[in-house]
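Here is how the chains run, residue by residue.
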Amino acid sequence: MGYREIIKYGDPILKKKSRRVEIFDDKLAKLLDDMRETLKRSEGVGLAAVQVGVLRRVIVMDCGDGVIELVNPEITFEQGEQCEQEGCLSLPGRSGITLRPMVVKVKAQDRDGKWHLYKGEGLKARCFCHEIDHLEGIVFIQRLAKQ
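Now for a description of the structure that goes with this document. Note that the structure is predicted; figures quoted are calculated from it, not measured.

Some remarks on the overall build of the protein chain
From N to C terminus, the protein chain includes 2 helices and 7 strands. Over its C-alpha atoms the protein chain spans a radius of gyration of 14 Å, differing by no more than 12% from the 15 Å that the globule rule assigns to 147 residues. Overall, the protein chain is about 45 × 30 × 25 Å in size when its C-alpha atoms are taken along their principal axes. Sorting the 147 residues of the protein chain into buried and exposed places 48% on the buried side.

Structure (structure tokens):
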């Protein structure tokens, strides 16, 4: 596994939409392994592939209950709302209050292409939404709650 540099806000790649993963191979496995290492070293809770310069729909997250790898994730259900502090590895030192769903359900593939369903509440729901936004070229400061 290797560490990859995290792209910082201002780089135009963060505004681009990521492409679906069609090929599940060693290259994808290497990307996921590197993203796991990068997330661990940076002490974050989530990381999208675009944040390491790869425009693919790939996410790794760890909200305290183990690493989840998401390939081609889609939110299938949202419920409730939470207005909480949020930050981002691509915007070090910056944070703000965002409005997100309290509960989300996500379907995604794993590194082998098998589909799985995930449910997130609270922090995990926020993280799912935050990272999937990255895949759409959206950063959290575009979602700041109106004060």
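There's plenty left to go through after this.
Let's talk about the pattern of salt bridges
Under the defined criterion, the tally for this structure stands at 14 salt bridges. A salt bridge links Lys-30 to Asp-34; the shortest N-O distance between them is 2.9 Å. Residue Lys-30 and its partner Asp-34 are located together in helix 1 (residues 26-42), separated by 4 residues, close to a single helical turn. The exposure class assigned to Lys-30 is partly exposed, which follows from its relative accessible area of 43%. For Asp-33, the salt bridge goes to Arg-111, with nearest N and O atoms at 2.8 Å.

Digging into the state of the cysteines
Per the stated rule, a full pass over the model turns up 0 disulfides. Note on Cys-127: no disulfide assigned, nearest cysteine sulfur contributed by Cys-63 at a separation of 4.1 Å. Cys-127 provides the cysteine sulfur closest to Cys-129, a residue in no disulfide bond, and the two sulfurs are 9.3 Å apart. What makes Cys-129 buried here is its relative accessible area of 6%.

Thoughts on the sheet that holds strand 7 (residues 115-121)
On the basis of which strands lie adjacent, the open sheet formed by 5 strands has the order 1-2-3-6-7 and antiparallel pairing. Edge positions in the open sheet fall to strand 1 (46-48) and strand 7, since each of these has one partner strand only. In this sheet, neighbouring strand axes are inclined to one another by 40 degrees on average, regardless of whether the strands run parallel or antiparallel. Bridge count between strand 6 (residues 103-109) and strand 7: 7 bridges; the pairing is antiparallel. Note that in strand 7 the partner of Val-103 across the bridge is Glu-121. In the packing of helix 1 onto the sheet, contacts are made with strand 1, strand 2 (58-61) and strand 3 (68-79), and the angle to strand 2 comes to roughly 35 degrees. Along the sheet, helix 2 (residues 123-135) makes contact with strand 1, strand 2, strand 3, strand 6 and strand 7, crossing strand 7 at roughly 125 degrees.

Rules behind the numbers
- Residues numbered from 1 in each chain as written.
- Predicted model: local features only at pLDDT ≥ 70, side-chain atom pairs only at ≥ 80, totals over all residues.
- Heavy atoms only, no water.
- Helix = DSSP H or I, 4+ residues; strand = E, 2+ residues; numbered from the N terminus.
- Rg over C-alpha atoms; globule rule 2.2 N^0.38 Å.
- Buried < 20%, exposed > 50% of the residue type's maximum accessible area, 1.4 Å probe, protein only.
- Salt bridge = Lys/Arg side-chain N within 4 Å of Asp/Glu carboxyl O.
- Disulfide = S-S within 2.5 Å.
- Pairing = 2+ DSSP bridges.
- Axes fitted to C-alpha atoms, helices over the stretch in contact; angles between N-to-C directions.
- Contact = heavy atoms within 4.5 Å.

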